[in-house]
Amino acid sequence: MEFIIITLVKAAVWAAILLFTLAYLQWVERKVIAHIQLRMGPSRVGPHGLLQPLADVIKLLTKEDLVPPQASKVLYILAPFLAVSLALLPVAVLPFGPDVEIFGIHTSLQLTDLNIGVLFLLAISSLGVYGVAFAGWASNSKYALLGGLRASAQMVSYELPLALAVAAPLLLANTLSLRELAQSQAGYYLGWIPQWNVFKLPAPQLVSYAIFLLAAFAETNRIPFDLPEAENELVAGFHTEYSSLKFACFFMAEYANMITSCAFGTLLFLGGWLPLWPAEKGSDYLPTALFLTAGLLAMYHGLHPARRKDRITLPVVAVFFWCMAGAFLIPALHQVLLPVFWFGFKVGFLLFAFMWVRGTMPRFRYDQLMAFTWKVLFPVAMLNLLVTGLLVALFGG
Amino acid sequence: MVTVVIFLTFAITAVACAVNLVVQRHPISAAVSLIGVMGSLAVIYLQLGAEFIAAVQVIVYAGAIMVLFVFVILLLNAGAERRTGHSHVARWIGIPSLGLLLMLLGFFIRNLAPASEIVRFGDFAEGTPKNIGRLLFTGYLLPFEITSVLILVAILGAIILARKETD
């Protein structure tokens, strides 16, 4: 009974965090892209446009839900539902931290630890293409069909290097459970260099990590691989005919897939929730220091306001940051917050890289896209797997 | 109790999807049904304790092969099949032989599997990737290698067939 209650509470917290992140990730992305391109980004709804996601949700909810007359109804409705549910599912197996003891309850920062967690993630991601393919087919529109066609070809092709890139660090970790995978990367070389799979001897997985990231960009249909929804060629690709909540489903699915890919990459290559440098050398105090500095900056600008309203808003922000800084020092919360902080820090960095690339790169041409995966990524991933296997066999434990 | 409910749900789904696969006139509906069959089978494998097989079933069959099917259907933009109607062979030979087959199957299940050897969900714990890997590289190494050569031959054949004539 206690187990069920804890699991329900965890599921509720997880879902809340995920949906909140999904809504605000889009705001962050618009801001980041805007600043890369020397624009302001959303700035009208709420301070710094912070209420923009809310406004977007209301807009999407109240728009008319159209179904094209020639569409295949069942698949047309099934496709967005499939896309979003498959995109949200992986959060069930992602671990955010080790076992913790909070208020006398012993639990792990994970919903469930499958011993085939990695395969589960691969399986779910390989099913993800159906939402896009069915949407493209069911809309009965040439743009949508071309988008769906491109998406299925692209995702099938990039799945191979992705799976091979995932296999190489598994040789080092010797497990398929995501939690054990993260735990196997504990420890430091020379006291400082973390034993994450990107650095781990005898076979540092830098190449595999690069392939994983490239394939993840393609799997999530992001620039420079966003041909399924290339605006200047295909209007909006597979979701051209979708409006209202069904469109929102595709939108959420794209962002949820991004989060999953980044979290998967973090667990596989970047040590999951393990800190960047050893706890004995003060990595536990980094979040406190960060929030303290941010609070000081906000307070400084609050005392020297550029606009009149800053006199009230910025000190409020500063006090909030200082409360966060304090929370990281409370022993009871400490052991939960720290892993979550490090995990969120790494995932956030990868997400930022996704946005950064979107702000700087042009789109591939379709034949380049296909040639790149089959002639470059796939052979390199294969070679990397063989070399890793050889090194592990010769020098590994 | 819960396991039985889950088993029945997915077993019935699998059979219903399989029937739907044959009945549907449009290729994409048939493909969706086939995905349903494979997904349900994966759940049944999982219930039996063959977790690796379940994951591979989803990754390879539902995830890769069926995506290719759907891709080809999209690419050819295949329309609905027309029903040709009345095949006397199907009616007078097909349906009786189906009934006969089902009866034979029932007979064999009833007589060859004694009541004491009922499969219990969760009893089998050998389905982990480690066990399967060990078996593949020890006891079944030769079949494993021969299969991979067979697949290689198939790939080479496909390349030769797909190659453009240069003259």
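Just so you know, these numbers come straight off a predicted model, no measurement behind them. (Residues numbered from 1 in each chain as written. Chains lettered and ligands numbered in written order. Predicted model: local features only at pLDDT ≥ 70, side-chain atom pairs only at ≥ 80, totals over all residues.)

Caption draft 1: The overall build of chain A, seen in detail. Assigned secondary structure in chain A consists of 14 helices and four strands. In terms of overall dimensions, chain A is globule-like: its C-alpha atoms have a radius of gyration of 22 Å, near the 21 Å expected for 397 residues. Going through the 397 residues of chain A one by one, you find that 42% of them count as buried. Of the contacts formed within chain A by residues at least 6 apart in sequence, a portion of 76% connects residues at least 24 apart. (Helix = DSSP H or I, 4+ residues; strand = E, 2+ residues; numbered from the N terminus. Rg over C-alpha atoms; globule rule 2.2 N^0.38 Å. Buried ≥ 20, exposed ≤ 12 C-beta atoms within 10 Å, placed from the backbone. Contact = placed C-beta atoms within 7 Å.)

Caption draft 2: Region of interest: the overall build of chain B. Across its full length, chain B carries six helices and zero strands. Reading chain B from its N terminus to its C terminus gives the helix and strand order α-α-α-α-α-α. Within chain B, contacts between residues separated by at least 24 positions form 62% of all contacts whose residues are at least 6 apart in sequence.

Caption draft 3: Up close: the domain arrangement of chain B. If you check the domain split of chain B, you get domain 1 (2-80 + 89-124) and domain 2 (128-167). Using only C-alpha atoms to locate each centre, domain 1 of chain B and domain 2 of chain B end up separated by 25 Å. (Domains from an automatic or database assignment.)

Caption draft 4: Molecular detail of the interface of chain A and chain B. With 20 residues of chain A at the contact, the number on the chain B side is 17 residues. Sorting the residues of the side of chain A that touches chain B by element identifies α4 (117-127), α5 (129-138) and α6 (142-173) of chain A as the ones contributing at least two each. Element by element, the count of residues in the side of chain A that touches chain B is highest for α6(A), at seven residues. In terms of residue class, the side of chain A that touches chain B is made up of 14 nonpolar, five polar and one charged. (Nonpolar A, V, L, I, M, F, W, Y, C, P; charged D, E, K, R; others polar.)

Caption draft 5: Here's a closer look at the packing of helix α8 (residues 206-219) of chain A against helix α10 (residues 244-269) of chain A. Residues and elements named next belong to chain A. Between α8 and α10, whose axes approach to 10 Å, the crossing angle comes to 165 degrees. Classed by the angle they form, the pair α8 and α10 counts as roughly antiparallel. The handedness of the crossing between α8 and α10 comes out as right-handed. Here Tyr209, Phe212, Leu213, Ala216 and Glu219 of α8 lie close against α10, whose contacting residues are Ser261, Gly265, Leu268 and Phe269. (Axes fitted to C-alpha atoms, helices over the stretch in contact; angles between N-to-C directions. Parallel < 35°, antiparallel > 145°, perpendicular 65-115°, else oblique. Left-handed = near helix turned anticlockwise from the far one by under 90°.)

Caption draft 6: Structural context of the environment of Gly39(B). Residue and element names in this part refer to chain B. In this structure, Gly39 sits in helix α2 (residues 27-48). Spatially, the C-alpha atom of Gly39 lies 8.8 Å from that of Phe10, the residues being 29 residues apart in sequence. Apart from residues lying up to four places away in sequence, Gly39 is in contact with Val58 and Ala62.

Caption draft 7: Looking closely at the environment of Ala332(A). Relative to the helices and strands, Ala332(A) resides in helix α13 (residues 331-360). In the structure, Ala332(A) is positioned 232 residues away from Val100(A) in sequence and 9.8 Å away in space, judged by C-alpha atoms.

Caption draft 8: Layout of helix α14 (residues 366-395) of chain A. All names here are of chain A. Here α14 is 30 residues long and its end C-alpha atoms lie 42 Å apart, about the 44 Å a rise of 1.5 Å per residue gives. Taken as a whole, α14 carries its principal kink of about 35 degrees at Phe372. When we look at burial in α14, the residues that qualify are Leu369, Thr373, Leu377, Ala381, Asn384, Leu385 and Thr388. On its buried face, α14 sits against α6 and α8. (Expected span 1.5 Å × (residues − 1). Bend = angle between axes of the 7 residues up to and from the residue.)

Caption draft 9: Here's a closer look at the nonpolar core. In terms of nonpolar packing, the biggest core is built from 123 residues, with Ala83(A), Phe212(A), Ala215(A) and Ala55(B) touching the most fellow members. If you tally residues by element for this core, the top one is α6(A), at 18 residues. When near neighbours in sequence (up to four residues on either side) are disregarded, Ala83(A) contacts Gly131(A), Val132(A), Cys249(A), Phe250(A) and Ala253(A). Judged by nonpolar contacts, the second largest core, of seven residues, contains Ala298(A), Leu314(A), Ala318(A) and Ala325(A). (Core = buried A, V, L, I, M, F, W, Y, C linked by C-beta atoms within 7 Å.)

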